[in-house]
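Spelled out, the chains give:
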Amino acid sequence: MMKEKLREIQEALLSGVSYMLPFVISGGILIALGFAIGGYDIPTSVKEFGSFSSTLFWVGKKAFALMTPVLGAYVAYSIADKPAICAGMVGGLLADYLGAGFLGALIAGIFAGYLVNELKKIPLPASLRSLLPTLIIPLLSVSIMGLFMVYILGGPIATLNHVLQSFLKSLQGGGLIVLGIIQGCMLAFDMGGPCNKVAYAFALAAAEAGNWAPMSANFVASMVPPLGIAIACLAAKQKFTVNEKAAVPGLFAGAFGMITEFAIPFAAADPLRVIPSLMAGSAVGATLSYLFGLTMNAPHGGLFVFFLSNNILLFLVALLCGGLVTATCLSLAKKTKTAE
């Protein structure tokens, strides 16, 4: 029974990823193009849609924002069919709003799917059965999902953010290897979720105080996941499906544009193998950034603002080493694909 449930959840994750992928790719590439044309400060230097580069950036940003709602919706859909789409989408949207990222959206989608399956069993007279999928299930499932995300998932996320921020601040000024490992792991763990946001907030706070070293580590660790997966897809082709290998150009674009989320479809489809591999590579990259004494005087932009690094060559060395570690871990951890 448990094995069947796990299999059902795995299929639901794959289904959610397949629907989410177009939003990640199109949105991510448009964001990268916006940075490439308009510069790293395009989100703040020009009003929304105020120029061609700003339009590319914000259209990409809006498309990208649909990633977690779509993921939650179609994970739920795979488990409980159409009646679960609404609750799953609302859960994914709230996951993004609460800072729970794609892991929160996965939890929301699974919760919504099994919740709706239970709601389908509500006994009603035949004359009222038609109201079940159109009124009763959407109303109850969205209400319960909202309460679950806000009051159960939201509290732990807020607490986690506070604890992690305090912990990272305590490591400033010493323990660079420990700091690099922790910061790298946090950035790669949930890619947009609370751990990622806390690590980025720490780098921003350090930059405001005049210390740009954590920002450089943030750059490297954020670029490693898509780069490492792209290298693994090319080096160990037998471990990836045709669809996964087709995403290689987008993965390189994500790496160059510092868009870690390009790795999310791979992480969502096989989290137990992929996420630890991403964390290992990002930890190595961030640690090397600290040990090399690198700084990056920009809050975002990836390789499009590489000239703001104090040592471009060592920056690329740290990035490549991290990517190779992730690629090696993935090649060893993933099973050979015998069928699509």
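This text follows the structure it describes.
In short, a report on the structure. Counting restarts for each chain: residues are numbered from 1 in the order of the written sequence. Reporting in this predicted model follows two pLDDT cut-offs: at least 70 for local features of residues, and 80 or more for side-chain atom pairs to be given and counted; totals over whole chains, interfaces and linings ignore these cut-offs and use all residues. Note: side-chain values were computed over all heavy atoms of the structure, leaving out hydrogens and water.

Moving on to the packing of aromatic side chains. What counts as a ring pair is set by centres within 6.5 Å for rings of Phe, Tyr and Trp (its six-membered ring), and what kind of pair is set by the plane angle: stacked under 30 degrees, edge-to-face over 60, tilted for all other angles. Taken as a whole and assessed by the stated rule, the structure comprises six aromatic pairs. Consider the rings of Tyr74 and Tyr77, whose centres lie 5.7 Å apart with planes at 70°: the pair is edge-to-face. In this pair, Tyr74 and Tyr77 are both assigned in helix H4 (residues 67–80), three residues apart and thus about one turn of the helix distant. Summary of the burial criterion: residues with accessible area below 20% of their type's maximum are buried, those above 50% are exposed, and those between are partly exposed, where the area comes from a 1.4 Å probe applied to protein chains only. Tyr74 sits in the partly exposed class, given a relative accessible area of 22%. Since its relative accessible area comes to 25%, Tyr77 is described here as partly exposed. Numbering goes from the N terminus for both helices and strands, where a helix is a DSSP run of H or I of at least four residues and a strand is a run of E of at least two.

With 80 residues, the main nonpolar core has Phe102, Met149, Phe219, Ile229, Phe266, Leu278 and Phe315 as its most contacted residues. Considering each element in turn, this core owes the most residues, 11 residues, to helix H10 (residues 213–235). Excluding anything up to four places from it in sequence, Met149 contacts Gly91, Leu94, Ala95, Leu98, Gly104, Ala108 and Gly154. By size, the runner-up hydrophobic cluster in this structure holds 13 residues, among which are Ala199, Phe202, Ala217 and Ala221. Nonpolar core, defined: a set of buried Ala, Val, Leu, Ile, Met, Phe, Trp, Tyr and Cys residues in which side-chain atoms within 4.5 Å join the residues together. We call two residues contacting when some pair of their heavy atoms lies within 4.5 Å.

On to helix H1 (residues 2–38). For H1, with 37 residues, the first-to-last C-alpha span of 51 Å sits near the 54 Å given by 1.5 Å per residue. Most pronounced at Met20, the bend in H1 amounts to some 40°, and the proline Pro22 follows within four residues. Gly39 sits one or two residues past H1 and shows a positive phi near 100°. To estimate how far a helix should reach, multiply one less than its number of residues by 1.5 Å. To get the bend at a residue, fit one axis to the 7 residues ending there and another to the 7 starting there, then take the angle between the axes.

The axes used here are C-alpha line fits, helices contributing only the stretch in contact, and every angle between their N-to-C directions lies in the interval 0 to 180 degrees. Direction vectors running N to C along helix H8 (residues 176–190) and helix H14 (residues 271–291) enclose 140°, while the axes themselves pass 7 Å from each other. Looking at the two axes, H8 sits oblique to H14. Note that H8 runs across H14; the crossing there is right-handed. Between H8 and H14, the contacting residues are Leu176, Ile177, Leu179, Gly180, Ile181, Gln183, Gly184, Cys185, Ala188 and Phe189 on the first element and Ile275, Leu278, Met279, Ser282, Ala283, Ala286, Thr287, Tyr290 and Leu291 on the second. All amino acids are sorted into three groups, where Ala, Val, Leu, Ile, Met, Phe, Trp, Tyr, Cys and Pro are nonpolar, Asp, Glu, Lys and Arg are charged, and the leftover types, Gly among them, are polar. Residues that form the contact of H8 with H14 fall into these classes: 14 nonpolar, five polar and no charged. The labels follow the angle: roughly parallel below 35 degrees, roughly antiparallel above 145, roughly perpendicular from 65 to 115, and oblique for the rest. Here is the rule for handedness: rotate from the far helix to the near one, and if that takes an anticlockwise turn smaller than a right angle the crossing is left-handed, while a clockwise turn gives right-handed.

So, on to the environment of Pro225. With respect to the helices, strands and loops of the structure, Pro225 is situated in helix H10. Residues Pro225 and Thr260 lie 35 residues apart in sequence; the distance between their C-alpha atoms is 6.2 Å.

A pairing counts as a salt bridge when a side-chain nitrogen of Lys or Arg comes within 4 Å of a carboxyl oxygen of Asp or Glu. Tallying each qualifying case throughout the model produces five salt bridges. Residues Glu118 and Lys121 are paired through a salt bridge, measuring 3.3 Å at the closest nitrogen-oxygen approach. Judged by its relative accessible area of 48%, Glu118 is partly exposed. Where Asp270 meets Lys334, a salt bridge forms, and the shortest distance between an N and an O atom there is 3.3 Å. Of the two residues, Asp270 is situated in the loop between helix H13 (264–269) and H14 and Lys334 in the segment after helix H15 (312–333); the sequence distance between them amounts to 64 residues.

Because an α-helix completes one turn every 3.6 residues, residues spaced three or four positions apart along the sequence face the same direction. Taking 1.5 Å per residue as the helical rise, helix H3 (residues 52–65) with its 14 residues ought to reach 20 Å, and the 20 Å between its terminal C-alpha atoms agrees with that figure. The set of residues buried in H3 consists of Ser53, Ser54, Leu56, Phe57, Trp58, Gly60, Ala63 and Phe64.

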